[in-house]
Amino acid sequence: MLFNTLRFLLFFLPVTLLVALRLKGKALLRWLTLASFFFYAFAGHAWFLIPMLVTTVLDFLVAPMIYSARSPGRKRAWLVFSLSCNLGLLFYFKYARLVFGGAYASVILPAGISFYTFQTMSYVIDVYRGEARPETDFWTFAGFVSFFPHLVAGPLTRHDQLIPQLDAIADKGIKPRWNEGVFLFATGLAKKVLVADRIGALIDPRINDAASLGVAAAWLAMLGYSLQIYFDFSGYSDMAIGLGRLFGIELPLNFDSPYQARTPSEFWQRWHITLSRWLRDYLYIPLGGNRGSALRTGFNLLATMVLGGLWHGANWTFAAWGLYHGVLLVLFRLNERRWTALPAALQRTMTFFAVSLGWVFFRSETFDQARTWFSRLTDVSSLGLLGAGELTLAGLVAAGLLLALACPNAARRDWTRLSPGLQVALGLATVVAVLFMNFSSRFLYFQF
């Protein structure tokens with residue numbers, strides 16, 4: 001089940017919300033959790049529930065073992081057991097085909113497995129570090145893992161962000177933030193259906209046949225994909241945060257106008273914020289962070305970004321994308337004074353184009369495809385007039401760039417004070433988006 005479907009909008013959401021508004025206490029938590037299980041079962045295959053339930057039950061039971069263990073060795077053993085099981089499931093479903101080849105070609109990747117696995121891992125690690133107490137109520141913990149707005153594609157939510165809120169709504173009932181929830185969901189839907197999907201329909205055939213692209217079309221495809229993935233994923237995050245507010249839950253900000261960043265480092269403070277923070281707190285800092293020599297810090301950055309790239313999928317092009325960003329971050333650290341001395345507009349332009357070039361690795365299914373695409377970007381001999389399809393794409397890219405580079409962040413807007421004119425415009429955009437939902441696609445991050 002997808003947010004951008006009539007089945008979700010006309011059946012699942014109103015039924016789930018209307019029933020939830022009449023409940024309190026454990027009954028409310030059970031309802032939200034069971035509804036989230038139902039949502040997930042229809043996000044792909046019903047058996048997707050099995051690995052999620054295994055992860056949920058495992059870490060619910062292991063966390064108290066870690067907390068009550070009398071010796072550091074026993075604590076560590078329980079932690080290793082939990083991490084081994086979680087990473088083992090993740091490896092089997094996501095990376096076995098990459099490592100072992102054709103024998104695992106038929107393995108189907110459960111939607112969102114990387115998201116909920118990282119959530120429960122951070123919880124167990126925090127219990128091990130003494131930064132959290134284990135949750136004693138299974139339905140609360142299961143609700144934390146499975147809460148449907150963020151289940152399949154984030155934002156990655158920490159236990160201390162969500163569990164206290166679940167306890168609060170169980171105690172006092174749900175107090176929806178109607179304006180904020182509806183308007184933010186509608187904005188995300190418009191981003192996804194009217195911008196991301198329309199650009200994707202034009203660039204996908206061109207990227208799949210990169211060898212035939214002229215230089216202008218190759219650049220339009222690269223810029224188009226930069227905008228497609230942003231509006232697709234930030235649209236999902238807006239919808240998730242909006243849904244959370246309808247249920248009285250505040251989910252964390254996941255995007256903060258990342259294409260307005262001035263530096264490669266700032267980009268990662270604005271793009272997929274919850275994953276960036278997870279990688280910082282549970283990988284980069286444990287590796288040593290920036291506490292050692294410049295060489296060691298560079299290694300930590302490269303290792304973190306390569307593993308962050310592989311988190312996105314079982315393809316070496318994702319590792320190359322991560323390595324590319326790691327190199328960008330290292331080069332920026334070495335030249336930070338020179339970079340930040342440049343005019344702000346030039347910094348933003350350089351950062352945006354550096355990030356956009358990296359998306360070639362991310363989008364390409366093979367290194368041959370990436371190599372071909374890069375070659376077409378520099379083939380000035382193929383410069384020529386644009387066809388009708390390219391002109392349409394150019395118009396969409398221009399509109400997308402204007403929205404991404406100049407408009408304020410949707411999740412930071414005060415939706416309670418939206419002007420009547422903007423309300424009407426958003427209402428019309430929502431109607432058009434609903435009409436176009438039959439031509440909409442799965443969210444790109446569902447595959448992760």
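Residues numbered from 1 in each chain as written. Predicted model: local features only at pLDDT ≥ 70, side-chain atom pairs only at ≥ 80, totals over all residues. Heavy atoms only, no water.

Quick look at the overall build of the protein
Stated precisely, the cut-off is as follows: Secondary structure follows DSSP: runs of H or I at least 4 residues long count as helices, runs of E at least 2 residues long count as strands, and numbering of each begins at the N terminus. What the globule rule says is 2.2 Å times the number of residues to the power 0.38, and the radius of gyration is computed from C-alpha atoms. Here, two residues are considered to be in contact whenever any of their heavy atoms come within 4.5 Å of each other.
Within the protein one finds 19 helices and 0 strands. Against the 2.2 N^0.38 benchmark of 22 Å for 448 residues, the protein shows a C-alpha radius of gyration of 22 Å, consistent with a compact globule. Each principal axis of the C-alpha atoms in the protein carries an extent, and together these give about 70 × 55 × 50 Å. Summarising the internal contacts of the protein: among those between residues at least 6 apart in sequence, 77% fall at separations of at least 24.

Details of unusual backbone geometry
Let me state the cut-off plainly: When accessible area is computed with a 1.4 Å probe and restricted to protein chains, residues below 20% of their type maximum are described as buried, those above 50% as exposed, and intermediate ones as partly exposed.
Looking along the chain, the bond that leaves glycine 154 and enters proline 155 is cis, with omega of 5 degrees. Within the element layout of this structure, proline 155 appears in the loop between helix 7 (148–151) and helix 8 (159–172). Positive phi values are uncommon outside glycine, yet serine 257 reaches one of about 50 degrees. Position of serine 257 among the secondary structure elements: in the loop between helix 10 (215–246) and helix 11 (264–270). Residue class for serine 257 comes out buried when judged on its relative accessible area of 5%. With a phi close to 40 degrees, histidine 272 is a non-glycine residue in the positive phi region. Its place among the elements puts histidine 272 in the loop between helix 11 and helix 12 (273–287).

Details of the pattern of salt bridges
Inclusion rule: The salt bridge criterion pairs a side-chain nitrogen of Lys or Arg with a carboxyl oxygen of Asp or Glu, the two atoms within 4 Å.
Evaluated as defined, the whole model comprises 16 salt bridges. Salt-bridge contacts for arginine 412 lead to aspartate 256; the nearest nitrogen and oxygen are separated by 3.0 Å. Remark: aspartate 256 occurs in the loop between helix 10 and helix 11 and arginine 412 occurs in the loop between helix 18 (388–406) and helix 19 (420–435); sequence separation between them is 156 residues. Shared partners join several salt bridges into a network, and the residues in it are Arg177, Glu180, Arg245 and Glu250.

Description of the environment of threonine 16
Selection rule: Think of a polar contact as two N or O atoms within 3.5 Å of one another; within protein, one of them needs to be a possible hydrogen donor and the other a possible acceptor, and neighboring residues in sequence only count if both atoms come from side chains.
Structurally, threonine 16 is set in helix 1 (residues 6–21). If we skip the residues at most four places from it in the chain, threonine 16 touches Trp31, Leu32, Ala35, Phe148 and Phe247. Of the polar contacts made by the side chain of threonine 16, one reaches the backbone oxygen of phenylalanine 12; its length is 2.7 Å.

Brief notes about the environment of glycine 313
Within the fold, glycine 313 resides in the loop between helix 13 (294–311) and helix 14 (316–334). For glycine 313, a relative accessible area of 6% puts it in the buried group. The spatial distance from the C-alpha of glycine 313 to the C-alpha of lysine 94 is 6.9 Å, given a sequence separation of 219 residues.

As for helix 17 (residues 367–377)
Residues separated by three or four positions in an α-helix point in the same direction, a consequence of the helix having 3.6 residues per turn. Rules: Arc definition: it is the arc formed by the directions from the helix axis to the C-beta atoms.
Of all the positions in helix 17, only Gln369, Ala370, Trp373, Arg376 and Leu377 are classed as buried. One face of helix 17 carries all of its buried residues, which in axial projection span an arc of 125 degrees. For helix 17, the exposed residues lying more than 90 degrees away from the buried face are Asp368 and Arg371. Those residues of helix 17 that are buried are in contact with helix 9 (178–208), helix 10 and helix 16 (344–363).

A closer look at the environment of leucine 194
Considering the arrangement of structural elements, one finds leucine 194 in helix 9. As for leucine 194 and tryptophan 415, which are separated by 221 residues in sequence, their C-alpha atoms are 21 Å apart. Excluding its chain neighbours within four sequence positions, the residues that come into contact with leucine 194 are Leu189, Ala429, Val432 and Ala433.

A short note on the nonpolar core
Convention followed: For this analysis, a nonpolar core means a set of buried residues of the types Ala, Val, Leu, Ile, Met, Phe, Trp, Tyr and Cys, connected via side-chain atoms within 4.5 Å.
Membership of the largest hydrophobic core comes to 135 residues, with the highest contact counts inside it found for Phe3, Phe8, Tyr40, Phe247, Tyr259 and Trp271. The element that contributes the greatest number of residues to this core is helix 10, accounting for 18 residues. If we ignore the near neighbours within four places in the chain, the residues touching phenylalanine 3 are Phe8, Leu9, Phe39, Phe148, Pro149, Phe185, Tyr236, Met239, Ala240, Leu243 and Phe443.

With respect to a nonpolar patch on the surface
Filter applied, for reference: Put simply, a patch holds well-exposed residues, over 30% relative accessible area, that have no salt bridge, with like charges counted together within 9 Å and Val, Leu, Ile, Met, Phe, Trp or Tyr side chains within 5 Å. Each accessible area is a Shrake-Rupley result for a 1.4 Å probe, and residues are judged covered by the shown protein chains and nothing else.
Side chains of Val431, Val432, Leu435, Phe436 and Phe439 sit close together on the surface and give an oily, nonpolar patch of about 500 Å² of accessible area. Looking at the secondary structure, you find valine 432 in helix 19. Since its relative accessible area comes to 34%, valine 432 is described here as partly exposed.

A word on the packing of helix 9 against helix 10
How we decide: Note on geometry: axes are C-alpha line fits, over the in-contact stretch for helices, and angles between N-to-C directions span 0 to 180 degrees. These descriptions rest on fixed angle ranges, namely under 35 degrees for roughly parallel, over 145 for roughly antiparallel, 65 to 115 for roughly perpendicular, and the rest for oblique. When the near helix sits turned anticlockwise from the far one by under a right angle, the crossing is termed left-handed; a clockwise turn instead gives a right-handed crossing. Gly falls in the polar group here, along with every residue not listed as nonpolar (Ala, Val, Leu, Ile, Met, Phe, Trp, Tyr, Cys, Pro) or charged (Asp, Glu, Lys, Arg).
Contact pair helix 9 / helix 10: the axes reach a minimum separation of 7 Å and the direction vectors enclose 155 degrees. The orientation of helix 9 with respect to helix 10, classified from their angle, is roughly antiparallel. As for the relative orientation of helix 9 and helix 10, their crossing is left-handed in sense. Split by residue class, the contact of helix 9 with helix 10 holds 19 nonpolar, 9 polar and 8 charged.

Quick look at the packing of aromatic side chains
Which entries qualify depends on this criterion: Two aromatic rings, drawn from Phe, Tyr or Trp (for Trp, its six-membered ring), form a pair once their centres lie within 6.5 Å of each other, and the interplanar angle then sorts them: stacked below 30 degrees, edge-to-face above 60, tilted otherwise. Distance and angle both matter: a charge sits over a ring if NZ of Lys or CZ of Arg is within 6 Å of the ring centre and within 35 degrees of the ring normal.
In total, this model carries 58 aromatic pairs according to the counting rule given. On the numbers, 5.9 Å between centres and 35 degrees between planes, the contact of phenylalanine 3 with phenylalanine 39 is tilted. Within this pair, whereas phenylalanine 3 is found in the segment before helix 1, its partner phenylalanine 39 is found in helix 2 (residues 25–41), the two being separated by 36 residues in sequence. Given a relative accessible area of 1%, phenylalanine 3 falls into the buried group. On the numbers, 5.0 Å between centres and 65 degrees between planes, the contact of tyrosine 230 with phenylalanine 231 is edge-to-face. For the cation-ring pair, lysine 94 lies above tryptophan 311, with the distance from its terminal atom to the ring centre recorded as 5.2 Å. Note that lysine 192 overlies the ring of phenylalanine 443, its terminal NZ or CZ placed 4.9 Å from the centroid.

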